[in-house]
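Okay, here's what each chain looks like letter by letter:
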Amino acid sequence: MSDPRTHIEDAQGVDLVHDRAKVSALIDKILAQAESKSFGTSALFAVRLAIEEAITNAFEHGHEGLDQSLTVHIEYAVSEKDIQVAVEDQGPGFSPASLPDPTLQENLSKPSGRGVMLMRAYMTEVDFNKSGNRVKLRYIRPS
Amino acid sequence: MSDSRLKISNNDGVTLVEFIDRNILDEANIQAISEEITAVIDQADTPKILISFSNVDHLSSAALGALITINNKIREKQGQLHLANIDPQIYEVFVITRLNKLFNIHDTAEEAHAAFAG
């Protein structure tokens, strides 16, 4: 049972291998559902960016040093009101609060560390489970 | 190179780099792009590079990271990097991350070209 903060009701689920074509196909499928619910281009841009960052983090950081054949579990649900996507890796997790602020002057020239802040900037809600190996992204349609 | 992800040309001492792909998202693609641009930097004494994003619809934080690494390498050689033709939605990503303060960004390649000093 997933952490209530990152649970998605009536979600579709898929286990994703680290394969670019499959990642792209899944994101396209989620965005096609969103488009069919008349979410606009800025919503689609935001959701694509956030999902990309979450999946990249899961494979690159979540599974760092682990078997690269491990899958990442994705759940998603698209409604008239919102788009929800959860991304869960099989790693030990991390503490999002420990991430340095990449917008500070001393961090601007560092090449990494912007994924989570972009998710937070573009999504209405971003929640991690307690162990930090699952993130739920939620974009709520502006009223 | 037949599998190049970039179009690279020279104009008046400035190397113009354009992307072939509309999405600069995945690690393998970004790695290949980084290596190609790094080769251009390595070949020049003081690299002057203009990167045009005119074909680009999406880029990820990994792509931003690659651009930062490229910028750092160019600065190490006292070179110059200018960016141009960035889609407004992507420009917003630069603003959110404050990377619009790190990079020299211009509306058009012509304006960027004119901004190179020396």
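Check the entry above for the structure.
Analysis parameters
- Residues numbered from 1 in each chain as written.
- Chains lettered and ligands numbered in written order.
- Predicted model: local features only at pLDDT ≥ 70, side-chain atom pairs only at ≥ 80, totals over all residues.
- Heavy atoms only, no water.
- Helix = DSSP H or I, 4+ residues; strand = E, 2+ residues; numbered from the N terminus.
- Buried < 20%, exposed > 50% of the residue type's maximum accessible area, 1.4 Å probe, protein only.
- Pairing = 2+ DSSP bridges.
- Axes fitted to C-alpha atoms, helices over the stretch in contact; angles between N-to-C directions.
- Parallel < 35°, antiparallel > 145°, perpendicular 65-115°, else oblique.
- Left-handed = near helix turned anticlockwise from the far one by under 90°.
- Contact = heavy atoms within 4.5 Å.
- Nonpolar A, V, L, I, M, F, W, Y, C, P; charged D, E, K, R; others polar.
- Phe/Tyr/Trp six-rings, centres within 6.5 Å; stacked < 30°, edge-to-face > 60°.
- Lys NZ or Arg CZ within 6 Å of the ring centre and 35° of its normal.

## Observations regarding unusual backbone geometry
No. 1: One non-glycine residue, B:Asp12, lies in the positive phi region at around 60°.
No. 2: Tracing the backbone shows B:Asp12 in the loop between strand S1 (6-11) and strand S2 (14-19).

## Some words on the pairing of strand S6 (residues 80-84) of chain B
All names here are of chain B.
No. 1: Of all the five residues making up S6, five are buried; the element is thus mostly covered by neighbouring parts of the structure.
No. 2: Going residue by residue along S6, you find Gln 80, His 82 and Ala 84 tucked away on one face and Leu 81 and Leu 83 tucked away on the opposite face as well.
No. 3: Where strand S4 (residues 48-52) and S6 come together, five bridges link them in parallel fashion. Within the sheet, the bridge partner assigned to Ser 52 lies in S6 and is Ala 84.
No. 4: The pairing of S6 with strand S7 (residues 104-106) spans three bridges and is parallel. Following the sheet pairing, Ala 84 is matched in S7 by His 106.

## Focus: the packing of helix H1 (residues 20-36) of chain A against helix H2 (residues 41-62) of chain A
For any two helices packed against each other, the geometry comes down to the angle between their axes and how far apart the axes lie.
All names here are of chain A.
No. 1: One way to put it is that H1 packs onto H2 with a least axis distance of 11 Å and a crossing angle of 150°. Comparing the axis directions of H1 and H2 gives the class roughly antiparallel. Two packed elements cross with a definite hand, and for H1 against H2 that hand is right-handed. Residues Arg 20, Val 23, Ile 27, Asp 28, Ile 30, Leu 31, Ala 34 and Glu 35 of H1 form the contact with H2, whose participating residues are Leu 44, Val 47, Arg 48, Ile 51, Glu 52, Ile 55 and Phe 59.
No. 2: For the contact of H1 with H2, the class distribution of residues is 10 nonpolar, no polar and five charged.

## Re the packing of H2(A) against helix H3 (residues 115-122) of chain A
Residues and elements named next belong to chain A.
No. 1: Relative to each other, H2 and H3 sit at 150°, their axes nearing to 9 Å. Regarding the angle of H2 to H3, the classification is roughly antiparallel. The two elements H2 and H3 meet at a crossing, and its hand is left-handed. Contacts from Phe 45, Ala 46, Leu 49, Ala 50, Glu 53, Ala 54 and Asn 57 of H2 reach H3 at Gly 115, Val 116, Leu 118, Met 119 and Tyr 122.

## Observations concerning the packing of aromatic side chains
No. 1: A full pass over the atoms with the stated rule returns six aromatic pairs over all chains.
No. 2: Ring centres of A:Phe39 and A:Tyr139 lie 6.2 Å apart, and the angle between their planes is 70°; on these two criteria the pair is classed as edge-to-face. Taken together, the positions of A:Phe39 in the loop between H1 and H2 and A:Tyr139 in strand S5 (residues 134-140) put the pair 100 residues apart, joining distant regions of the chain.
No. 3: An aromatic cluster of three or more residues is present, and its members are B:Phe19, B:Phe53, B:Phe94 and B:Phe103.
No. 4: The ring of A:Phe39 has A:Arg141 lying over it, and the distance from NZ or CZ to the ring centre is 4.0 Å.

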